[in-house]
Amino acid sequence: NAGVTQTPKFQVLKTGQSMTLQCAQDMNHEYMSWYRQDPGMGLRLIHYSVGAGITDQGEVPNGYNVSRSTTEDFPLRLLSAAPSQTSVYFCASSYSRSTGELFFGEGSRLTVL
Amino acid sequence: EDQVTQSPEALRLQEGESSSLNCSYTVSGLRGLFWYRQDPGKGPEFLFTLYSAGEEKEKERLKATLTKKESFLHITAPKPEDSATYLCAVQGPQGGSEKLVFGKGTKLTVNP
């Protein structure tokens, strides 16, 4: 099993550009989520999904879109990148929404100039 | 509002020097407390779940304990490979995984 796979690992964007961070898991997990991690702050939830076709907003959703067309994939779209979106992004999944035992990907480091 | 405070922010130990990391939390009705390890440039890796005061979990040189207000991660005779940032997260009674509140972490460095 590969677990949770994120691509790309590094990306540099210019302000206003759009891009998609990819996330795939091969554990048949129901729950998937996206977090951002910034220096001096805890992990903050952007969006999450409890199953294919179901998504919802987390703590910091503005400027991001998600979709979940399959159980395996949960891409995160930046619509018009801003310097404030410079961060490390983590995708995480779990077998159930009720647990806090998350499996994280290795992260995607995004820099917006 | 649920809150998690981890201390210290950073801790330097010599190899073999035992110590503890603290996670203080404020949540009405704890559903679960979770410890994670994060290596530089990697995603967090799940270590332990604690559900009720008095509960303890162990894994190699790590032991996690829980009281009604805080959790400790005890590290016994640490080795350099234990160097990492340790994250604590709490889950209250009202929500699922989306309601997890993470602390800022304690960065542990173990010198040989």
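Scroll up a little and you will see the structure.
Now for a quick tour of the structure. (Residues numbered from 1 in each chain as written. Chains lettered and ligands numbered in written order. Predicted model: local features only at pLDDT ≥ 70, side-chain atom pairs only at ≥ 80, totals over all residues. Heavy atoms only, no water.)

Here we look at the side chain of Thr99(A)
Convention followed: Only runs of H or I of at least four residues qualify as helices and only runs of E of at least two qualify as strands under DSSP, and these elements are numbered from the N terminus. Throughout, exposure labels follow a simple rule: accessible area from a 1.4 Å probe, protein chains only, divided by the maximum for the residue type, with under 20% read as buried, over 50% as exposed, and the rest as partly exposed. We call two N or O atoms a polar contact when they sit within 3.5 Å, provided that within protein one can donate a hydrogen and the other can accept it, with sequence-adjacent residues counted only if both atoms are side-chain atoms. The contact criterion used throughout is that any non-hydrogen atoms of two residues lie within 4.5 Å.
Mapped onto the fold, Thr99(A) is located in the loop between β9 (87–94) and β10 (103–104). Given the relative accessible area of 7%, Thr99(A) is considered buried. Polar contacts involving the side chain of Thr99(A) include one to the main-chain amide nitrogen of Glu101(A), which spans 3.0 Å. Sequence-distant contacts of Thr99(A), defined by excluding residues within four places in its chain, comprise Ser94(A), Gln91(B) and Ser97(B).

A closer look at the side chain of His47(A)
All names here are of chain A. When you line up the elements, His-47 lands in strand β5 (residues 44–51). Reaching out from His-47, the side chain makes a polar contact with the backbone oxygen of Tyr-64 at a distance of 3.1 Å. If we ignore the near neighbours within four places in the chain, the residues touching His-47 are Ser-33, Trp-34, Asp-56, Gln-57, Gly-58, Pro-61, Tyr-64, Asn-65, Val-66, Phe-74 and Leu-76.

Concerning the sheet that holds strand β1 (residues 3–7) of chain B
Backbone hydrogen bonds hold the strands of a sheet together, and the pairing may be parallel or antiparallel. Residues and elements named next belong to chain B. Stated formally: DSSP-based pairing: two strands are paired if at least 2 bridges between them are found. A fitted line through C-alpha atoms serves as each axis, taken over the contacting stretch for helices, and the angle formed by two N-to-C directions is quoted from 0 to 180°.
Spatially, the five strands line up as an open sheet ordered β1-β3-β8-β7-β6, and their pairing is antiparallel. Strand pairing shows two members of the sheet lacking a second neighbour, β1 and β6 (56–59), which therefore form its edges. Between one strand axis and the next, the sheet turns through 15° on average, direction left out of account. Pairing of β6 with strand β7 (residues 62–66) involves four bridges; the strand directions are antiparallel. Each bridged residue has a counterpart across the sheet, and for Lys-59 the counterpart in β7 is Leu-62.

Some words on the sheet that holds strand β7 (residues 64–66) of chain A
Residues and elements named next belong to chain A. On the basis of which strands lie adjacent, the open sheet formed by four strands has the order β1-β3-β8-β7 and antiparallel pairing. Each having just a single partner strand, β1 (4–7) and β7 make up the two edges of the open sheet. For this sheet, the mean inter-axis angle between neighbouring strands, taken without regard to orientation, is 20°. As judged from the four bridges shared by β1 and strand β3 (residues 19–25), these two strands associate in the antiparallel manner. Counted as the bridge partner of Val-4 is Gln-25 from β3.

Here's the deal with the packing of aromatic side chains
Worth spelling out the cut-off: Only Phe, Tyr and Trp rings are paired, with Trp represented by its six-membered ring, and only when their centres lie within 6.5 Å; those with planes under 30 degrees apart are stacked, over 60 edge-to-face, the remainder tilted.
In total, this model carries nine aromatic pairs over all chains according to the counting rule given. Between Tyr36(B) and Phe46(B), the aromatic rings sit 5.8 Å apart at their centres with planes inclined by 75°, giving edge-to-face as the arrangement. Of this pair, Tyr36(B) sits in strand β4 (residues 32–38) while Phe46(B) sits in strand β5 (residues 45–50), placing them ten residues apart in sequence. With a relative accessible area of 24%, Phe46(B) lands in the partly exposed category. An aromatic cluster of three or more residues is present, and its members are Tyr35(A), Phe90(A), Phe104(A), Tyr36(B), Phe46(B) and Phe102(B).

Comments concerning the interface of chain B and chain A
The line we're drawing: The term buried area refers to how much accessible surface (probe radius 1.4 Å) is lost by two components on association, counted for both of them together. One speaks of a salt bridge when a side-chain nitrogen belonging to Lys or Arg is within 4 Å of a carboxyl oxygen belonging to Asp or Glu.
Counting residues at the interface gives 20 residues for chain B and 21 residues for chain A. Roughly 1,600 Å² of surface becomes buried between chain B and chain A when both sides are summed, with 51% attributable to carbon and sulfur atoms. Sorting the residues of chain B by area buried against chain A places Ser97(B), Glu98(B) and Phe102(B) first, and these three jointly supply 36% of that buried surface. The tally of links between chain B and chain A comes to two salt bridges. In this structure, Glu106(A) and Lys42(B) form a salt bridge, with 3.3 Å as the shortest nitrogen-oxygen distance.

Details of the state of the cysteines
Rule in force here: When two cysteine sulfur atoms lie within 2.5 Å, the pair is treated as a disulfide.
Across all of its chains, the model carries two disulfides over all chains by this definition. Here Cys23(A) connects covalently by a disulfide to Cys91(A), the sulfurs 1.9 Å from one another. In this structure, the disulfide formed by Cys23(A) and Cys91(A) twists by about -70° around the S-S bond and is classed as left-handed. Within this pair, whereas Cys23(A) is found in strand β3, its partner Cys91(A) is found in strand β9, the two being separated by 68 residues in sequence. The same class applies to Cys23(A) and to Cys91(A), which are both buried. The side chain of Cys23(B) participates in a disulfide bridge whose partner is Cys88(B); the two sulfur atoms lie 1.9 Å from each other.

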